[in-house]
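Descriptive analysis of the structure
Here are the chains, one letter per residue:
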Amino acid sequence: LATTTPRIAEMAFPEAADRALPTFFVSEPGVAQPLLRWVTGLPLPIAYGVNEGDGLLLFASAALRGMKLTRNAIHEKALANLRETLPPGFAPGEEPAVLEGGAAALLVLPELVPANDSWIAYPTPDGALVVMREGARSTEDELRRLAGERGDDPLFDRPVRVRRLGFTPMTWPEGSTERTTDPGFSDPRDDR
């Protein structure tokens with residue numbers, strides 16, 4: 001879903017559910033709160049909405065009546081709509097895989113992870129979701145790269161481990177989040 005400031009819909013018609021998608025909700029001062037669902041192991045709550053021509057439209061709890069859905073039903077419908085956006089057979093290999101279209105794809109990954117395996121996922125600033133197989137040769141290097149490219153206000157503070165049973169937060173590789181260069185506050189003339 002889009003990243004502009006969302007609007008909140010108090011009313012919606014049943015047809016809106018056919019386009020509903022989940023999105024991670026970052027609370028902003030002065031913005032009303034939509035219907036939210038917290039998922040264990042994830043750092044942000046999930047909201048449900050649709051992309052309209054003029055931006056993101058999230059559903060308030062009252063909109064469920066117009067869609068004739070319960071809280072669980074909108075969640076399942078949004079996940080079903082999200083599944084349709086994933087490429088068939090999606091899975092990371094020895095190299096990371098990238099899902100375009102938003103971090104919310106994370107929500108359907110547990111059903112794709114093979115039994116007794118785990119993946120690591122992290123959303124990038126450009127809206128993609130990088131998915132790595134835990135234990136692959138490239139995973140630690142990729143995590144170090146992602147840690148170094150995080151902006152000042154990342155969507156997630158740290159990566160998420162994805163297993164069949166759900167999500168758990170994980171830590172960055174040791175030393176990967178330390179600043180190795182001055183962030184730009186020193187005097188370039190080196191006056192002391």
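Look above for the structure.
The structure reproduced in this document is the subject of the present report.

Reading guide: rules and limits
Residues numbered from 1 in each chain as written. Predicted model: local features only at pLDDT ≥ 70, side-chain atom pairs only at ≥ 80, totals over all residues. Heavy atoms only, no water. Buried < 20%, exposed > 50% of the residue type's maximum accessible area, 1.4 Å probe, protein only. Helix = DSSP H or I, 4+ residues; strand = E, 2+ residues; numbered from the N terminus. Arc of directions from axis to C-beta. Contact = heavy atoms within 4.5 Å. Salt bridge = Lys/Arg side-chain N within 4 Å of Asp/Glu carboxyl O. Polar contact = N/O pair within 3.5 Å; in protein donor to acceptor, adjacent residues only side chain to side chain.

Here's the deal with helix H3 (residues 139-149)
Where H3 is concerned, the buried positions are Thr139, Glu142, Leu143, Leu146 and Ala147. Axial view of H3: buried residues confined to an arc of 140 degrees, hence all on one face. The exposed residues of H3 that point more than 90 degrees off its buried face are Asp141 and Gly148. Looking at the packing, one finds that the buried side of H3 touches strand S7 (119-123) and strand S8 (129-133).

As for the pattern of salt bridges
Across all of its chains, the model carries 8 salt bridges by this definition. Residue Lys77 pairs with Asp18 through a salt bridge whose shortest N-O separation is 3.5 Å. Of this pair, Lys77 sits in helix H2 (residues 71-83) while Asp18 sits in the loop between strand S1 (7-9) and strand S2 (21-24), and the two are 59 residues apart along the sequence. Of the charged contacts, one joins Arg133 and Glu94 as a salt bridge, the two residues approaching to 2.7 Å between their closest N and O atoms. On the criterion of sequence distance, the pair formed by Arg133 in strand S8 and Glu94 in the loop between H2 and strand S6 (97-99) is long-range, its members being 39 residues apart.

With respect to the side chain of Asn81
Examined against the element boundaries, Asn81 turns out to sit in helix H2. The buried category is assigned to Asn81, whose relative accessible area is 8%. A distance of 2.7 Å separates the side chain of Asn81 from the backbone oxygen of Ala20, its partner in a polar contact. When near neighbours in sequence (up to four residues on either side) are disregarded, Asn81 contacts Ala17, Asp18, Arg19, Ala20 and Leu21.

What to know about the side chain of His75
Structurally, His75 is set in helix H2. For His75, a relative accessible area of 9% translates into the label buried. A polar contact is formed between the side chain of His75 and the side chain of Tyr48, at a distance of 2.6 Å. Sequence-distant contacts of His75, defined by excluding residues within four places in its chain, comprise Arg37 and Tyr48.

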